[in-house]
Amino acid sequence: WNFPLLMFMWKIAPALCCGNTVVIKPAEQTPLTALHVGALIKEAGFPPGVVNIVPGFGPTAGAAIASHMGIDKVAFTGSTE
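The shown structure was predicted, so the numbers you read here are calculated from the model rather than taken from an experiment.

Definitions and cut-offs
- Residues numbered from 1 in each chain as written.
- Predicted model: local features only at pLDDT ≥ 70, side-chain atom pairs only at ≥ 80, totals over all residues.
- Heavy atoms only, no water.
- Helix = DSSP H or I, 4+ residues; strand = E, 2+ residues; numbered from the N terminus.
- Contact = heavy atoms within 4.5 Å.
- Lys, Arg positive; Asp, Glu negative; His and termini not counted.
- Charge placed at Lys NZ, Arg CZ, Asp CG, Glu CD.
- Expected span 1.5 Å × (residues − 1).
- Patch = residues over 30% accessible without salt bridge, like charges linked within 9 Å, V, L, I, M, F, W, Y side chains within 5 Å.
- Areas by Shrake-Rupley, 256 points an atom, 1.4 Å probe, with all protein chains shown as cover.
- Salt bridge = Lys/Arg side-chain N within 4 Å of Asp/Glu carboxyl O.

1. Considerations on the overall build of the protein chain
Along its length, the protein chain carries three helices and two strands. Excluding contacts between residues fewer than 6 apart, the proportion of contacts in the protein chain whose partners are at least 24 apart in sequence is 70%. Between the averaged position of the 4 positive side-chain charges in the protein chain and that of its 4 negative side-chain charges there is a distance of 4 Å.

2. Quick notes on helix H1 (residues 3-17)
Compared with an ideal rise of 1.5 Å per residue, which puts 15 residues at 21 Å, H1 spans 21 Å between its outermost C-alpha atoms and is within 8% of the ideal. Buried residues belonging to H1 abut strand S1 (22-24), helix H2 (31-43) and strand S2 (51-53). Remark: Gly 19 follows H1 within two positions and exhibits a positive phi of approximately 85°.

3. Examining a nonpolar patch on the surface
A cluster of nonpolar residues, Phe 3, Leu 6 and Trp 10, forms a patch on the protein surface that exposes about 330 Å² of accessible area. Assignment of secondary structure puts Trp 10 in helix H1.

And the structure:
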């Protein structure tokens, strides 16, 4: 189960390198990977709000992210099923 970690890093690394903040919704089957990395990010001293992890199901958490007016870009990886 190292693929969720790889996907997480592929998404946040370029955004953070460019000075952006990140809101990420991990797959509902593998949220613990993202939450653990979030704890490591906090431990590393990242300021609050730079990396935001929103676990949940696509129809609720994903829809809220996709429709939020404060989010300028949404990248999607995975299936619609």
